[in-house]
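One letter stands for each residue in the lines below.
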Amino acid sequence: MKLTEDDLYRASTQFKHWSFTPSQLAAQRQKTNIQASERVKAAVARQRAQRAKHFDTASASESERNGTPVPTDRQVDCLTVAEEKKLVDTFCEKAIDLGGFFKFPIEVTATGIQFLRRFYLFNSPMTYEPQTISRSAMFVANKTEGHHLTLEKYAAGFPKATTEQVLAPEYLIVQALRFNFDIRHPFRALKGGHLDMIEMARGNITPLPSNPEPALDIHSSMLKLPRKPNGPETNMTVNDLEKRITDAYSHASHILKTAALLTDAYFLYTPSQIWLSAHLLADEPLTLFYLSAKLPSSSPNYPKILATLRSCADLLSSHHSFSSPTTTPAEKQARDKKEKEEVQALIKKLRHCRDPDKMDLVKLNQAQKRDAVDAGGLEESKAKRRKLEREGYQKEADDFWGPELPRRENGAKAG
Amino acid sequence: MSRVSSRASGTSTKRLAEDGDICPVCKSSRYLNPNMRFLVNPECYHRMCESCVDRIFSHGPAPCPIAGCKRTLRKARFRSQTFEDLKVEREVDIRRRVARVMNKTESDFETLADYNNYLETVETVTWNLILKIDLEATERRLRLWEEAQKAELESLYSSASRRVLSTADQDLQSDTQRVILKKSGVQRKTVSHSSSAADTPEPTAAGNADTGFRFHGLKKRVAPEPEKPFDPYGGWSLEPQYYVVQPDYDVDFITGAKTDIHHLAGGYDLRDFYSRALCEAFSGFGVFVQDEIIARENGVVERVRTETQAAASVTVGVRDVNMDDVF
């Protein structure tokens, strides 16, 4: 029984559960947004009704006397889908800074960001605040990537975050990820491709079973690759070519560490396609040549793959972190500033449309646990019942097995 | 308990003997020797005390000292009884012996009826032995059956081991090969010896040999398949389409790892990294997410049409998403 590389990817949860078409992605975000805003509105209305009732009974006459009208409540102004997405993207960018601050390996940061993006595909920032979620998602990512650090140390890195605050949304996140912890990153893939290209540049190529072209031919045509698409032929030495490949590698690696993480690339494309498109952005003639060495251009898949890579490259280059040679630093700065202002406004807006039920995650988390007393009256009675039940079980067990043995020092005193 | 009651009712030796507190051989009672132990021999199941056994049988086999019993007993086979009733003790022993020889299970038979017939035969044999009906003939048949089974098993296993030997590596050292050949020669000899002892030179092939019993519908025993070497991937293997892993690569980001003691000490092999990195570079190369997902969704829609709604909602992984509300 034979498997191809593609079959291996098809078996991953990333392909099975976390790959979407663009329309599916948009529809899901729309759905999440509608659900969340309905919930926020309902919760706020409920809260207001409660407050109004309280107000009526206590100080209705008073307010009449003073002449201050009861403030008419405005409809809650919820975030739109685009605004939500922008917020999530912003917090993903902040997560990169966070990873840099803690000096996490890039895999950890990247996993944390993808956790965050997956989480907010099915949850809204209005329901769960991105800041707390991103903190916990990063901590979960640390654990899944095998880069362990203690919770205390991690929480101490934040100006105001307790260990409980980091842990509270953890189960929530893990559940929203549907317990799929495996994230396929393109980083190692890029390294593999780089190794392959370097070997190719040095001329030791074993012909592929699907493409039995003589190795020498590939090598000589590789040395003549133009610098730019449709540019004139060059005549490079092997060293020049190696340097060119290494440059392309570092550029592509930069793209993978920024733009690829901050766009929907992981949802829409496979890691192999992502790294190849990043490489395409870094050095187009070289990547195209490499592709044609892997897959003959006569193959029916070739145009399809090329189209996929180009659309992925468009997605990557559309991100504002991608600096193409045409944008000047001043332009970039202006754009960044505008972006920052927009985000500030959004965060302000978010403050007014948070779901009041999900404000305090720590409390909610505790309420879920055993013997939560600090919840409402109903919860209290429940907790009491649980406690009584447990005592009953204990008593039953004691009747059967006998009570617990006395402590040693008591026994010693008695003897 | 019996001691107390016997003392209360006066020393009636008959009663004591019935209770089993007096040795029928030396007539010493538990009253005088509280540590007395009684032993039986499965040959005749006559009880006697430990000291009698020591006294009579230490010098080798001797006839049973109980009057009327002429059996020759050996000391090694004396044991303390498990059941109070010696008849039960004897029946259990017989059943154990029969079960060891007649050990077919239901899966060895073609039909349940055949198996039931077999069980009935086993029960008949057992009761014949217990009630001592046709003792000679039954014992003989049982012995023949046991030998036939043994011969069958041996021939099976020796043929299996011969098969293993023939498939084993041919480039073994010549003397080890000779040793193994010698061994298998000995095995073959013992097999032929045992079959000749049963007075049936070729018991299975001839078919007319007396195996004691003949059961209808008994499946022929097949040698178990020789164990294959363990394959962690269950027969699956990776066949790369787009790359060929070279034995070594020389790029600056791996030159450090090649000589780094921290990498090498743990058994880290760079070749694993090469194959993994190259595999990852092309895993998903030809997977077109859009097309495949649309195809998958269509497949799901089809399935929803054919199957029930509930079953479909289980199969569609995407539908179970809003499970976040645990609070």
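All of the points below concern the structure found in this document. Since we're looking at a predicted model, the values are computed, not measured.

### A few points about a nonpolar patch on the surface
And step 1. Side chains of Met1(A), Tyr233(B) and Trp236(B) sit close together on the surface and give an oily, nonpolar patch of about 390 Å² of accessible area.
And step 2. Here Trp236(B) is to be found in the loop between α8 (203–206) and β5 (237–238).
And step 3. Judged by its relative accessible area of 40%, Trp236(B) is partly exposed.

### So, the side chain of Arg135(A)
Residues and elements named next belong to chain A.
And step 1. Its location among the elements puts Arg-135 in helix α6 (residues 130–144).
And step 2. Of the side chains with opposite charge, Glu-129 lies nearest to the buried Arg-135, which makes no salt bridge, at 6.3 Å.
And step 3. Apart from the residues lying within four places of it in its own chain, the contact partners of Arg-135 are Tyr-154, Phe-158, Lys-160, Ala-161 and Gln-165.

### Side note on helix α3 (residues 50–57) of chain B
Residues and elements named next belong to chain B.
And step 1. Every buried residue of α3 is listed here: Cys-52, Val-53 and Phe-57. The buried residues of α3 occupy an angular sector of 100° when projected down its axis, which confines them to one face.
And step 2. Along its buried surface, α3 packs onto β1 (38–39), β2 (48–49), β3 (62–63) and β4 (72–73).

### Observations regarding the nonpolar core
And step 1. Formed by 117 residues in total, the largest nonpolar core has its most connected members in Tyr154(A), Met222(A) and Trp275(A).
And step 2. Apart from residues no more than four positions distant in its own chain, Trp275(A) is found in contact with Pro186(A), Ala189(A), Leu190(A), Gly193(A), Met197(A), Leu256(A), Tyr290(A) and Ala281(B).
And step 3. Counting residues in each nonpolar core, the second largest holds 16 residues, with Cys52(B), Ala62(B), Cys69(B) and Leu73(B) among its members.

### Regarding the pattern of salt bridges
Residues and elements named next belong to chain A.
And step 1. Going through the model one piece at a time under the given rule, you end up with 35 salt bridges over all chains.
And step 2. Ionic pairing is found between Asp-355 and Arg-39, a salt bridge with its closest N-O pair at 3.7 Å. Taken together, the positions of Asp-355 in the loop between α18 (329–352) and α19 (361–368) and Arg-39 in helix α3 (residues 22–66) put the pair 316 residues apart, joining distant regions of the chain.
And step 3. Across the pair Arg-184 and Asp-182 runs a salt bridge, and its minimum N-O distance is 3.2 Å.
And step 4. Among the charged side chains, a salt-bridge network with shared partners connects Arg-29, Lys-85, Asp-89, Arg-117 and Asp-264.

### Points about α18(A)
Residue and element names in this part refer to chain A.
And step 1. For α18, spanning 24 residues, the distance from its first C-alpha to its last is 35 Å, which sits close to the expected 34 Å at 1.5 Å a residue.
And step 2. Burial in α18 covers these residues: Val-343, Leu-346, Lys-349 and Leu-350.
And step 3. Buried residues in α18 make contact with α4 (81–102) and α6.

### Considering the interface of chain B and chain A
And step 1. Across the contact, 51 residues belong to chain B and 67 residues belong to chain A.
And step 2. Buried surface at the junction of chain B and chain A, both sides included, amounts to about 5600 Å², of which 59% is carbon and sulfur.
And step 3. Seen at the junction of chain B and chain A, the total is three salt bridges.
And step 4. Run the count over chain B and chain A and you get 21 residue pairs in polar contact (both at pLDDT 80 or more).
And step 5. If you list the elements that add at least two residues to the side of chain B that touches chain A, you get β5, α9 (252–259), α11 (270–282) and α12 (289–306) of chain B.
And step 6. Examining the composition of the side of chain B that touches chain A, we find that nine residues originate from one element, α11(B), more than from any other.
And step 7. Split by residue class, the side of chain B that touches chain A holds 28 nonpolar, 11 polar and 12 charged.
And step 8. Sheet topology note: the strand β1 (residues 2–3) of chain A/β5(B) ladder contains two bridges and is parallel. Note on β5(B): the bridge partner recorded for Lys2(A) is Ser237(B).

### Quick word on the packing of α4(A) against helix α5 (residues 106–122) of chain A
All names here are of chain A.
And step 1. Look at α4 against α5: their axes get within 9 Å of each other, and the N-to-C directions meet at 160°. Taken together, the axes of α4 and α5 lie roughly antiparallel to each other. The hand of the α4/α5 crossing is right-handed. Packed against α4, whose contacting residues are Val-88, Asp-89, Phe-91, Cys-92, Ala-95, Ile-96 and Gly-99, the element α5 presents Thr-109, Ile-113, Leu-116, Arg-117 and Tyr-120 at the interface.
And step 2. Considered class by class, the residues forming the contact of α4 with α5 number eight nonpolar, two polar and two charged.

Conventions we followed
Residues numbered from 1 in each chain as written. Chains lettered and ligands numbered in written order. Predicted model: local features only at pLDDT ≥ 70, side-chain atom pairs only at ≥ 80, totals over all residues. Heavy atoms only, no water. Patch = residues over 30% accessible without salt bridge, like charges linked within 9 Å, V, L, I, M, F, W, Y side chains within 5 Å. Areas by Shrake-Rupley, 256 points an atom, 1.4 Å probe, with all protein chains shown as cover. Salt bridge = Lys/Arg side-chain N within 4 Å of Asp/Glu carboxyl O. Helix = DSSP H or I, 4+ residues; strand = E, 2+ residues; numbered from the N terminus. Buried < 20%, exposed > 50% of the residue type's maximum accessible area, 1.4 Å probe, protein only. Lys, Arg positive; Asp, Glu negative; His and termini not counted. Contact = heavy atoms within 4.5 Å. Arc of directions from axis to C-beta. Core = buried A, V, L, I, M, F, W, Y, C linked by side-chain atoms within 4.5 Å. Expected span 1.5 Å × (residues − 1). Buried area = accessible area lost by both parts, 1.4 Å probe. Polar contact = N/O pair within 3.5 Å; in protein donor to acceptor, adjacent residues only side chain to side chain. Nonpolar A, V, L, I, M, F, W, Y, C, P; charged D, E, K, R; others polar. Pairing = 2+ DSSP bridges. Axes fitted to C-alpha atoms, helices over the stretch in contact; angles between N-to-C directions. Parallel < 35°, antiparallel > 145°, perpendicular 65-115°, else oblique. Left-handed = near helix turned anticlockwise from the far one by under 90°.

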